[in-house]
Amino acid sequence: MRVVGITGSGGVGKTTLSVNIASCLAATGVRTLTIDADLYFPDMSSHVRVPSPRSIHDYVTNPEIDTEWLISQYNKIKDLYFVLGEVKMKEIDAHAFSMVSGLIEVLKNYYGAIIVDFPSGVPIESLPLLSSLDLQLIVIDLRKIPLVDLEISILNTVYKYWKDETKKLGVIFNFADLPERRLEVLEEYIYSELGVHILGEVPYTHSLLMEPYLGIPACLDGELPSIERITQELLKYYL
Ligand SMILES: Nc1ncnc2c1ncn2[C@@H]1O[C@H](COP(=O)(O)OP(=O)(O)O)[C@@H](O)[C@H]1O
Ligand SMILES: [Mg+2]
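Residues numbered from 1 in each chain as written. Chains lettered and ligands numbered in written order. Predicted model: local features only at pLDDT ≥ 70, side-chain atom pairs only at ≥ 80, totals over all residues. Heavy atoms only, no water.

Draft legend 1. Summary view of the sheet that holds strand β7 (residues 169–174). Across the sheet, which stays open at both edges, the eight strands sit in the order β3-β4-β2-β5-β1-β6-β7-β8 with mixed pairing between neighbours. The strands lining the two open edges of the sheet, one partner per strand, are β3 (71–73) and β8 (197–202). If you compare each strand with its neighbour and ignore which way they point, the axes differ by 25° on average. Note that strand β1 (residues 2–8) and strand β6 (residues 135–141) share five bridges and pair parallel. (Pairing = 2+ DSSP bridges. Helix = DSSP H or I, 4+ residues; strand = E, 2+ residues; numbered from the N terminus. Axes fitted to C-alpha atoms, helices over the stretch in contact; angles between N-to-C directions.)

Draft legend 2. The site of ligand 1, seen in detail. Around ligand 1 sit 17 residues in total, of which G11, K14, T15, T16 and L208 are the nearest. G11 is positioned such that a nitrogen or oxygen atom in its backbone is 2.8 Å from an oxygen atom of ligand 1. In the environment of ligand 1, a nitrogen atom lies 2.9 Å from a nitrogen or oxygen atom belonging to the backbone of T205. Look at ligand 1: alone it shows 570 Å² of surface, and the protein chains cover 85% of it. Put simply, the parts of the chain that give the shell around ligand 1 at least two residues each are α1 (14–27) and α8 (206–214). Its residues placed into classes, the shell around ligand 1 shows eight nonpolar, eight polar and one charged. (Near = heavy atom within 4 Å. Polar contact = N/O pair within 3.5 Å; in protein donor to acceptor, adjacent residues only side chain to side chain. Areas by Shrake-Rupley, 256 points an atom, 1.4 Å probe, with all protein chains shown as cover. Nonpolar A, V, L, I, M, F, W, Y, C, P; charged D, E, K, R; others polar.)

Draft legend 3. Quick look at the packing of α1 against helix α9 (residues 225–237). Two numbers describe how α1 lies on α9: the axes approach to 9 Å, and their chain directions differ by 65°. Classified by the angle their axes make, α1 and α9 are roughly perpendicular. As for the relative orientation of α1 and α9, their crossing is right-handed in sense. On the side of α1, the interface is formed by L17, N20, I21, C24 and L25, while α9 contributes I227, E228, I230, T231, L234 and L235. Counted by class, the contact of α1 with α9 contains eight nonpolar, two polar and one charged residues. (Parallel < 35°, antiparallel > 145°, perpendicular 65-115°, else oblique. Left-handed = near helix turned anticlockwise from the far one by under 90°. Contact = heavy atoms within 4.5 Å.)

Draft legend 4. View of the pattern of salt bridges. Going through the model one piece at a time under the given rule, you end up with eight salt bridges. Where K88 meets D58, a salt bridge forms, and the shortest distance between an N and an O atom there is 2.7 Å. With a gap of 30 residues between them, K88 in the loop between β4 (80–83) and α4 (94–107) and D58 in helix α3 (residues 56–61) connect regions that are remote in the sequence. Overall, D58 belongs to the buried group, its relative accessible area being 14%. Among the salt bridges present, the one from K108 reaches E105, with a minimum N-O distance of 3.1 Å. Overlapping salt bridges, with partners in common, bring together D58, E86 and K88 in one network. (Salt bridge = Lys/Arg side-chain N within 4 Å of Asp/Glu carboxyl O. Buried < 20%, exposed > 50% of the residue type's maximum accessible area, 1.4 Å probe, protein only.)

Right, dumping it as structure tokens:
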């Protein structure tokens, strides 16, 4: 069993990639749980509309509740499970994130993989949660990186999210609509400078844009080869 955290800045695609990587893993037969650990802006439930009797926020405020009530099974894919959140808490502190780590400890043995969707920017309060990961993935939105200094800007983004608590690190490029050769050179550069593996790149994809409006993981509607490749890399190197 492996716990994989999806981190990065706001709006880079963390929730979208969490949901679709989890769906792909489940489709290959890995029993997968996806946790919406963005306690500040929980919005995974707009990407996957499933009934959820209790939210992660209920658990954080009352850890006595039966974890069975937290977990929703996605009916269209066997092996796909979610713990969703809701905007409910007024104050979110390090203790709340430690509670989520505790939940992962409890559930860990029942799943082949747990995907944890992080709050944007890896706030200091979320560091206890970072230490419960086996692998931290950083999602980088290539639209937001200045093209002239692409290499250095990417290195700086990786350094920014590479914390003492990080055990193993990987990177995904989202909105990666650059020529293939340019992406290859970039990958080689990041690997040679930092030893950090780029798991893959996801181009702008209309079905991913529409996902929060439709409430169904985009990969269920059709093929998403870029996400499939990332899932294969995960299986090959980390799971
Ligand atoms: N590769 C992509 N192509 C098109 N739209 C995308 C892609 N990745 C993410 N999006 C869209 O970008 C927006 C932000 O994504 P989201 O996953 O909510 O980001 P985050 O969780 O990092 O804040 C959403 O509207 C989502 O549908
Ligand atoms: Mg999000």
